[in-house]
Amino acid sequence: MEEKSKDHRALLNQGEENELEVFGYRTQNLRRALCLITSMLTCGFLLLVFYWKPQWRVWANCIPCPLQEADTVLLKTTDEFQRYMRKKVICLYLSTLKFPISKNPEEPLVADRHSVINQAVLKPELKLRCIQVQKIRYIWDYLEKRFQKVGLLEDSNSCHDIHHTFGLGLTSEEQEVRRLVCGPNVIEVEIQPIWKLLVKQFLNPFYLFQAFTLTLWLSQGYVEYSVAIIILSVISIVLSVYDLRQQSVKLHKLVEDHNKVQVTVIVKGTGLQELESCLLVPGDTLILPGKLSLPCDAILIDGSCVVNEGMLTGESIPVTKTPLPHGDNTVAWKSHSLEDYRKHVLFCGTEVIQVKPSGQGPVRAVVLQTGYNTAKGDLVRSILYPRPLNFKLYNDAFKFIVFLACLGVVGFFYALGVYMYHGVSSRDTTAMALLLFTVTVPPVLPAALTTGIVYAQKRLKKKKIFCISPQRINTCGQINLVCFDKTGTLTEDGLDLWGTIPTADKRFQEVHSFASGKALPWSPLCAAMASCHSLILLNGIIQGDPLDLKMFEGTAWIMEDCNADYYKFGMSDSNIIIKPGPKSSWSPVEAIAILHQFPFSSSLQRMSVVAQMAGEDHFHVYMKGAPEMLAKFCKSETVPKDFPQKLRNYTVQGFRVIALAHKDLKMKKLSEVQKLAREKAESELTFLGLLIMENRLKKETKPVLKELSEARIRTVMITGDNLQTAITVAKNSEMIPRGSQVILVEANEPEDFVPASVTWQLVENQENGLQKSETYPNIGNRSVPDGARGSCYHFAMSGKSYQVIFQHFNSLLPKMLVNGTIFARMSPGQKSSLVEEFQKLNYYVAMCGDGANDCGALKMAHVGISLSEQEASVASHFTSKTANIECVPQLIKEGRAALVSSFGVFKYLTMYGMIQFIGTSLLYWQLQLFGNYQYLMQDVAITLMVCLTMSSTHAYPNLAPYRPAGQLLSPPLLLSVFLNTCFTCIVQICAFLYVKQQPWYCEVYRYRVSWPPWTSQQFSAPRLSKKDVTIPPLSYIFSFLLMSALGLTVFILFSDFQDIYHGMELIPTLTSWRVSILVVVFTQFCVAFFVEDVILQNRRLWLWIKKEFGFSSKSQYKNWQKKLAEDSTWPPTHRTDYSGNSKNGFYINLGFEDPEQIPRAKVELGDQTTEQHFWTRL
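Computed from a prediction, not measured in an experiment: that's the story for all the values here. (Residues numbered from 1 in each chain as written. Predicted model: local features only at pLDDT ≥ 70, side-chain atom pairs only at ≥ 80, totals over all residues. Heavy atoms only, no water.)

Draft legend 1. Expanded view of the nonpolar core. Membership of the largest hydrophobic core comes to 59 residues, with the highest contact counts inside it found for Y225, V444, L909 and Y924. Per-element accounting of this core gives the leading share, 13 residues, to helix α31 (residues 887–925). In contact with L909, not counting residues within four places along its chain, are P442, V444, L445, A448, T943 and C947. Grouped together as the second largest cluster of nonpolar side chains are 44 residues, I453, L708, A730 and I885 included. (Core = buried A, V, L, I, M, F, W, Y, C linked by side-chain atoms within 4.5 Å. Buried < 20%, exposed > 50% of the residue type's maximum accessible area, 1.4 Å probe, protein only. Helix = DSSP H or I, 4+ residues; strand = E, 2+ residues; numbered from the N terminus. Contact = heavy atoms within 4.5 Å.)

Rendered as structure tokens:
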């Protein structure tokens, strides 16, 4: 039984972000027939339930079975949302192909021995089973007993496999097999028909309930308000459909050209063949003729090329790709290249702008992934299937509606009892009972909430902030931590040259300042600056990385195409030629040719080139990169002894420092250079000196960070730049306030018998700039002063240290993150991981970046804000066309305003429904009902117009130092609704009983009611829209409508016009009675206002209650802050701790290991709200 259960379940995409559980089921005809009959008997209601709950459909129609035998599978996400999907298992038959297929089980179908296709085809039937999940095809692997992804080459292929198995192309037969199994190489985004979008919107449970309500009201003659709600609902649905349709059209246009590319492939035994890109399969060998929009992901195997990866990175900077090296080992090709495998991969959707053949034939690439498996396909899938937004407001709203519906059910049975007791006909009894059932849930609710989001979107659009995920606007109101990229976000995108410091005789020489206007003198350092870059000449314009461009411009050299004049030096026409310009200093070199590049990688932190000087028969290697990294590759005797001090001297001032190095190659043949391994080229170099560049803060950075700090919104820097530079930028921008301590955290991987270690070093303050007597990271016996504990210290660490802590000191990680402010030298993957770890501490995280290397973090954050207008911005929820961080506080302000407005609308409409429910229930006791125009007065004049304009209020100009509540089910809001309902209930019941004792009272059946109880509702409503600190004083339209509704109510109360009495179905009463009504309702209003303003909205009172009763926050980060504030040993500043066992003297902190203090289960992202109960709001 246990084995059967194991066969019934498996994991799809194990360990990945989109991991799914898959369960096997077999359809039973008897169950299917019973479900069909039940659906007919319930007039299709069962089918509707199955549409909402696909798992119920599977459980009702099928029985569990092993996955190998299943005809239907049920998929469940393994995240906190636990969403279900139903998929049919499809069978593909290879016998449909036009050529014979061998049925011998021993004979492989495809040449690739690693391919899952060989293990998926059942012989002799030639059948394979597959499922299609979110545009990706999975086939059943009979050997591994699980579904495996197809449409890509297996990662287990080595460099040797890729060159020799696929380098000469696939046979036409294997191409056909792969086309059938993998499917076409297309990224198709269907433009959904409008009717289908409308049906999907209409099948929303709330809209169906609304349709039922309006049908009932229309049948009772309540036409005016019903028509108004129908019009509003139609507008709301049409707006939603329009947005969905526009997104669908934009995506379709983005990818439609992808499927129409003509390509040339090598067919084994046939030669070159032209075909449409939709026919490409993994393993095809692609010929790159020149400019080309790549229709797939491919591995470059011969020649090199320059591509524009703006679609993926957000920066239109040419990137040089190099061929995958040949190798005879069996190491997987990605592992062979370590983290730098991307330098060999051409990604789908990027543009090839230049190719450079190696001399052995055309530039060739092997197709790696096709269709939605590609980088572009993954980007499109992330838009088509976004991660659900788990925001407490929406979850609580659903619970609230369920409660109101339950109240409606109580009312339904109450009405049944009353009307049946009085002997009313069953038809009228049912109609009246259903009418009371529909009163509690306001049908205008979805339209009102949608209107609030639309208002906020329009306000953001005026500020040039565009949104592709409108529901995230409310989430912005809860942001309490913002992560910033540095370069291009906090600082200017471009760098300014400051100076160079060459070396000679193991010493740093005099600084050459670019501000002097003098040309850079000729030296090996000048040659390195002129040649060690990835710049290209495109249509006569030099293009490339801004840093490279600035460095090259500093030499005053020029770049030009190779011509006949250079052939005498043995230079190929594919080489880049650089030579001294008219403004450059004298140079003994006529020209330099760049023969080979080892591209820059953020993980390697360096790049190098092989160059040849005109007239020489040997070659040179020039290297540039992060100084601390480059020094490791240089001969120790060439690196000045004061190198660390000199480097720190400039980085603490915020300069960007680049180091350069050189060596002569003994090789004399160009063919040897082409085969040169990077490890050999980048060794035993001579240190040349430093290039100093300025990276100025944007003028908006400092005031924005100050504004966020005053609002108690935490800011964090995540950058790929030097750690010391990042610290200086953080201090200059006051992300780290003056007087705060910075603690460097350095962690090292375990080596041999030494376990992993963490060292804390205190950085002394440099308040007055750089002084001669300054000191640097102190490892002495200093510690953080007692007065500086709490939030006055900030941890700074590199990506390497973060990775070590993540792997070996996981229990320390929360401690580090609570006060971690600077994370430098972070890779894109580490950025995403860091954002996720912050979320696990219950922070609401916003990520702001310029798109380059930030896409993963932008997608992972609760709110992603891109400052790039490139296509990569589709990975973020918001895009700002103003390239500075002013958009962050603006977005938070609008988010808070939208959130408070949503709460106000929900609270207002909830009170409206409950007050109307009480009034209607009282009238039912007398078999009475409000007149149509009384309902119209309540629903349109008092409620509809007010709640639709409540959200039009603009955001408050300043950020308050605390956030609005993030959930509806909090005591202040529940008490507000409960107490106001009680006040209204008491007033209405007392008035109901008191009016029956009046001498002029008599039972009247001609008119519906003898006094307007909706007056009580009018006085109850305005206090619910009292302004919050996060929104400014009420808008003119909203205030005008409130006063108009109040004036109209008082006018009707005291008017003596027969037409009004007749139309509103009222009976005239004594003036003294009307005055008494006004006095009572005004008294109720005053009491309610006092309770709301003095008690329920009194923040100090709640803080006092919290303190007295010992309530604590459920937010993980607040609990850690409290623990650390009480820990006298934290933060450490002069020790090194080790991972491992305390018996061996290694570091272990029982406070972290105690199971009572740290829950065993992982903190689920579903709990990543800081508003799990109302105390957290305080």
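Structure's up, so let's keep going.
Draft legend 2. Just the sheet that holds strand β16 (residues 318–321), in detail. The antiparallel open sheet is built from 4 strands, whose spatial order is β13-β18-β15-β16. Each edge of the sheet is formed by a strand with only one pairing partner; in this case those strands are β13 (292–293) and β16. Bridge analysis of β13 against strand β18 (residues 351–356) gives 2 bridges, and the strand direction is antiparallel. What sits directly across from S293, in β18, is E351. (Pairing = 2+ DSSP bridges.)

Draft legend 3. Local environment of a nonpolar patch on the surface. A surface patch of nonpolar side chains, amounting to about 680 Å² of accessible area, comprises L218, V223, V227, I230, I231, V234, I235, V238 and L239. In terms of residues, the nonpolar patch owes the most to one element, helix α10 (residues 223–256), which gives 8 residues. Of note, V227 is situated in helix α10. With a relative accessible area of 36%, V227 lands in the partly exposed category. (Patch = residues over 30% accessible without salt bridge, like charges linked within 9 Å, V, L, I, M, F, W, Y side chains within 5 Å. Areas by Shrake-Rupley, 256 points an atom, 1.4 Å probe, with all protein chains shown as cover. Salt bridge = Lys/Arg side-chain N within 4 Å of Asp/Glu carboxyl O.)

Draft legend 4. Structural view of the pattern of salt bridges. One pass over the full model with this rule turns up 22 salt bridges. Among the ionic pairs, E69 bridges to R26, the shortest N-O distance being 3.4 Å. On the criterion of sequence distance, the pair formed by E69 in the loop between β3 (62–64) and β4 (72–77) and R26 in strand β2 (residues 20–27) is long-range, its members being 43 residues apart. For R26, a relative accessible area of 33% corresponds to the partly exposed category. Taking the shortest distance from any N to any O, the salt bridge between R678 and E682 comes out at 2.8 Å.

Draft legend 5. Main features of the environment of P627. As for its position among the elements, P627 is in helix α21 (residues 627–630). P627 sits 30 residues away from V657 along the chain, and the two C-alpha atoms are 7.1 Å apart. Residue contacts for P627: discarding those within four places in its chain leaves F643, L647, V657, I658, A659 and L690.

Draft legend 6. How the structure looks around the packing of aromatic side chains. Counted according to the given criterion, the structure contains 23 aromatic pairs. Geometrically, the ring pair formed by W140 and F147 is edge-to-face, given 5.1 Å between the ring centres and 70 degrees between the ring planes. With respect to burial, W140 and F147 carry one shared label: buried. An aromatic cluster is defined as three or more aromatic residues linked by ring pairs; in this entry it consists of Y802, F806, F823, F838, Y843 and Y1117. The ring of W1120 has K1123 sitting right over it, with the charged end atom 4.5 Å from the ring centre. (Phe/Tyr/Trp six-rings, centres within 6.5 Å; stacked < 30°, edge-to-face > 60°. Lys NZ or Arg CZ within 6 Å of the ring centre and 35° of its normal.)

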